[in-house]
Amino acid sequence: MKLSQLLDRDGFTLMNAVGDRDVTGGICGDLLSWVMARGKRGMAWVTVQTHMNVVAVASLHEFSCVILADGCVMDEEALRKAETEGVAIVSAAHPAYAICGILHDMGV
Amino acid sequence: MDDRFFVHREEYPITAGDFSAAGDASARIKYVLRKLGIDSALVRRAAIAAYESEINMVIHSAGGTLTLTVDRDTIRLLARDRGPGIPDIDLAMQEGYSTATEAIRELGFGAGMGLPNMRRCSDRFTIRSSPGGTVIDMEFTIGKESG
Ligand SMILES: Nc1ncnc2c1ncn2[C@@H]1O[C@H](COP(=O)(O)OP(=O)(O)OP(=O)(O)O)[C@@H](O)[C@H]1O
Ligand SMILES: [Mg+2]
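Trainee: Describe the pattern of salt bridges, and please don't skip the residues or the numbers.
Mentor: Any two side chains of opposite charge can pair, given that their charged atoms come close. Residue and element names in this part refer to chain B. Under the counting rule described, the total for this entry stands at twelve salt bridges over all chains. Between Glu-11 and Arg-9 there is a salt bridge; the shortest N-O distance is 3.8 Å. Note on Glu-11: relative accessible area 42%, which makes it partly exposed. A salt bridge links Arg-28 to Glu-10; the shortest N-O distance between them is 2.8 Å. Of this pair, Arg-28 sits in helix α1 (residues 24-35) while Glu-10 sits in strand β1 (residues 6-14), and the two are 18 residues apart along the sequence. Arg-28 gets classed as partly exposed once you look at its relative accessible area, which sits at 35%.

In structure tokens, the structure reads:
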């Protein structure tokens, strides 16, 4: 699935200026070292954590995007950092459970 | 004479409590290893280990340094901090063990996975600790991934 296909759905907003990319898997969780241990390149990471270290983890793993559940937003500094690192930050107006369902239905 | 070909050495200071800079050293390490043409699966393992050690120094220590050394066949990451040390290393190495405070846990740290992640990612892992500081020495064998 392309990230742009997800952004075409209701309630998904790209928060920073990054290019389109393939979403090749998914991971859901708010414990950073847990995600660090299990993450793989290209994954979409669904979380409610919004601070700078989320960007660090996503960047090290080269995740395709971070999807912030429940309408969570990230501060400007972290968004800019994510942009520099090429990490797409998506704010979603859905709970994590629903986001994972949508990703799954879309073939991720 | 040492027949190992010296390639690269860099040292990064890690400041206690500086969450916004946490991840910078590991991002740099990842960049450097890539530039040196190291296999991407190995770069990934080393970067994860670097990140976990960096973040542990930020959260649990009074600060320290992370040193990257790369020669022809080994990547070495040496994390040294200025205390307060780990009283029971066997306990700290267990998955799920964490002394992180509630405030720290709310940020998503404190799963007690950092040290186990470091051990899992590295090819050689040693840790020693005293109240004066903790030293974690990790080595990664270059060339293993490709066979
Ligand atoms: N550099 C250090 N100095 C002092 N204590 C440390 C240090 N590194 C780890 N510890 C101790 O070891 C425990 C386990 O560390 P570990 O990295 O596995 O988990 P954590 O940091 O608590 O949580 P996580 O890494 O999953 O976010 C820590 O909670 C802390 O008590
Ligand atoms: Mg840790």
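Trainee: Tell me about the interface of chain A and chain B, and name the residues and values.
Mentor: At the interface, 22 residues of chain A touch 24 residues of chain B. Together, the buried faces of chain A and chain B total about 1,800 Å²; carbon and sulfur atoms form 52% of this surface. For chain A, the biggest contributors to the area lost against chain B are Ser33(A), Asn53(A) and Leu60(A); these three give 32% of the whole. Inspection of the region where chain A meets chain B yields three salt bridges. Its salt-bridge partner being Lys81(A), residue Asp24(B) comes within 2.9 Å of it at the nearest N-O pair. Linking chain A to chain B there are eleven residue pairs in polar contact (both at pLDDT 80 or more). Where the side of chain A that touches chain B is concerned, the elements lending two or more residues are α2 (32-38) and α3 (52-61) of chain A. Among the elements that line the side of chain A that touches chain B, the one with the most residues is α3(A), at seven residues. Among the residues forming the side of chain A that touches chain B, the class breakdown is nine nonpolar, seven polar and six charged.

Trainee: Could you give an account of the pairing of strand β5 (residues 133-141) of chain B, naming the residues involved and the relevant values?
Mentor: Residue and element names in this part refer to chain B. For β5, a buried count of seven out of nine residues is recorded, marking the element as mostly surrounded by other parts of the structure. Taken together, the seven bridges between strand β3 (residues 74-81) and β5 define a ladder with antiparallel strand orientation. Bridging across to β5, Leu-78 finds its partner in Asp-137. Between the antiparallel neighbours strand β4 (residues 124-130) and β5 lie two residues.

Trainee: Please provide a residue-by-residue account of the packing of α1(B) against helix α2 (residues 40-60) of chain B, values included.
Mentor: All names here are of chain B. In contact at an axis separation of 8 Å, α1 and α2 are set at 160° when each is read in the N-to-C sense. Considering the angle they form, α1 stands roughly antiparallel to α2. For the crossing formed where α1 meets α2, the hand is right-handed. For the pair α1 and α2, the contacting residues are Asp-24, Ala-25, Ser-26, Ile-29, Lys-30, Leu-33 and Arg-34 in the first and Val-43, Ala-46, Ala-47, Ala-50, Tyr-51 and Glu-54 in the second. For the contact of α1 with α2, the residue count by class is eight nonpolar, one polar and four charged.

Trainee: So what's going on with the sheet that holds strand β2 (residues 25-28) of chain A? Residues and values would help.
Mentor: Residues and elements named next belong to chain A. Taking strand neighbours across the sheet as the criterion, the five strands line up as β1-β5-β4-β3-β2 in an open arrangement whose pairing is mixed. At either end of the open sheet lies a strand with only one pairing partner, and these are β1 (12-14) and β2. On average, each strand axis in the sheet is inclined to that of its neighbour by 25°, with strand direction left out of account. Looking at chain direction, strand β4 (residues 65-68) and strand β5 (residues 88-92) are connected through four bridges and run parallel. Its bridge partner being in β5, Ile-67 is matched across the sheet by Val-90. Its contacts with the sheet put helix α5 (residues 96-105) on β1, β2, β3 (43-47), β4 and β5, and the angle it makes with β3 is roughly 160°.

Calculation criteria
- Sequence positions are assigned chain by chain, starting from 1 and proceeding in written order.
- As a convention, the first chain written is A and the first ligand written is 1, with the rest following in written order.
- Per-residue local features of the predicted model are confined to residues with pLDDT of at least 70, and side-chain atom pairs are confined, for both listing and counting, to 80 or more; whole-chain, interface and lining totals are unaffected and use all residues.
- Side-chain descriptors were evaluated using all non-hydrogen atoms of the structure, hydrogens and water having been removed beforehand.
- A side-chain nitrogen of Lys or Arg and a carboxyl oxygen of Asp or Glu constitute a salt bridge if their distance falls within 4 Å.
- Throughout this description, buried means an accessible area under 20% of the type-specific maximum (1.4 Å probe, protein chains only), exposed means over 50%, and partly exposed covers the range between.
- A run of H or I in DSSP becomes a helix once it reaches four residues, and a run of E becomes a strand once it reaches two; helices and strands are each numbered from the N terminus.
- Residue contacts follow a heavy-atom distance rule, with two residues in contact if any of their heavy atoms lie within 4.5 Å.
- Here's the idea: put two parts together, see how much 1.4 Å probe accessible area each one loses, and the total over both is what we call buried area.
- Polar contact criterion, stated in full: a pair of N or O atoms within 3.5 Å, where within protein one must be able to donate a hydrogen and the other to accept it, and residues adjacent in sequence count only if both atoms are side-chain atoms.
- Any residue outside Ala, Val, Leu, Ile, Met, Phe, Trp, Tyr, Cys, Pro, Asp, Glu, Lys and Arg is labelled polar, Gly included; the first ten of those are nonpolar and the last four are charged.
- At least two bridges found by DSSP between two strands are what make those strands a pair.
- For every element, the axis is a line fit to its C-alpha atoms; helices are fit only across the contacting stretch, and the angle between N-to-C directions ranges from 0 to 180 degrees.
- Angular relationships are summarised with four words: roughly parallel below 35 degrees, roughly antiparallel beyond 145, roughly perpendicular across 65 to 115, and oblique for the angles in between.
- We call a crossing left-handed when the near helix sits turned anticlockwise from the far one by less than a right angle, and right-handed when that turn is clockwise.

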